[in-house]
Amino acid sequence: MGGTVAACTTALTSNVVLITHCHTDHAMAIFSHARAREIAYNKPTTYLVPSGAIDALTRMKDIVKELDRGNDKPGEAIDAIVFVPCDVNDEINVTNLVKKNKSKGSNESDEGVFVQCFPVKHIDNDSLGRPLSLGYVVSTRSRTPGLLPQYKSLSKTEIKALRTNNVPLTNPALHSHALVAYSGDTCATGLIR
Ligand SMILES: [Zn+2]
């Protein structure tokens, strides 16, 4: 998400926003975005950010909250922001994350929308070795719905009996389908290695 009004507006419906790095044109719209989402939908937003940026973003959150006094709900939109620190090779089940942040049960699933974090060459890591820039691959994972072919002709009673005996009735294999990969402002050397 850039610092422009257009990018902020485009991402207005998004529960989750991926931040590749915190240069001004990529991250400075975070707080406007969170505030606009509160007004439009009364919903919080989760921002996935490189872990090296988490300390500064948390400080910024406190400062913006202090400055945002005088609104109808002072600081609420800013308070509701969730920053998720990400590292190279992290794999995040975004579907579970959104459910957890909405307090809609803790039933974790291995299906849903996933984000994989990969290294890019744009900003050097911080002094603790934490990344300040990352790329992301967004993919879905799901199982083929419906009964396995060998059980399709069975009666409801027979299916129930199998289920009672914990016989796997559906295909356990997960299928992954990449939707998009985004590397931010990385240069070619970040990808060729
Ligand atoms: Zn940049």
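Check the entry above for the structure.
Residues numbered from 1 in each chain as written. Predicted model: local features only at pLDDT ≥ 70, side-chain atom pairs only at ≥ 80, totals over all residues.

(A) Just unusual backbone geometry, in detail. Backbone geometry places Asn89, a non-glycine residue, at a positive phi of 75 degrees. With respect to the element layout, Asn89 can be found in the loop between β3 (82-86) and β4 (91-93). Classification of Asn89 as exposed rests on a count of 9 C-beta atoms within 10 Å. Of note, the phi angle at Asn166 is positive, near 60 degrees, even though the residue is not glycine. Mapped onto the secondary structure, Asn166 falls in the loop between α7 (156-164) and β7 (174-182). (Helix = DSSP H or I, 4+ residues; strand = E, 2+ residues; numbered from the N terminus. Buried ≥ 20, exposed ≤ 12 C-beta atoms within 10 Å, placed from the backbone.)

(B) Structural view of the sheet that holds strand β1 (residues 16-18). Across the sheet, which stays open at both edges, the 3 strands sit in the order β1-β2-β3 with parallel pairing between neighbours. Two strands bound the open sheet, and with one partner strand each, they are β1 and β3. Strand-to-strand twist in this sheet, taken as the mean axis angle between neighbours without regard to direction, amounts to 25 degrees. Across the sheet, helix α4 (residues 54-67) lies against β2 (46-50) and β3, angled at about 170 degrees from β3, the strand it touches most. (Pairing = 2+ DSSP bridges. Axes fitted to C-alpha atoms, helices over the stretch in contact; angles between N-to-C directions. Contact = placed C-beta atoms within 7 Å.)

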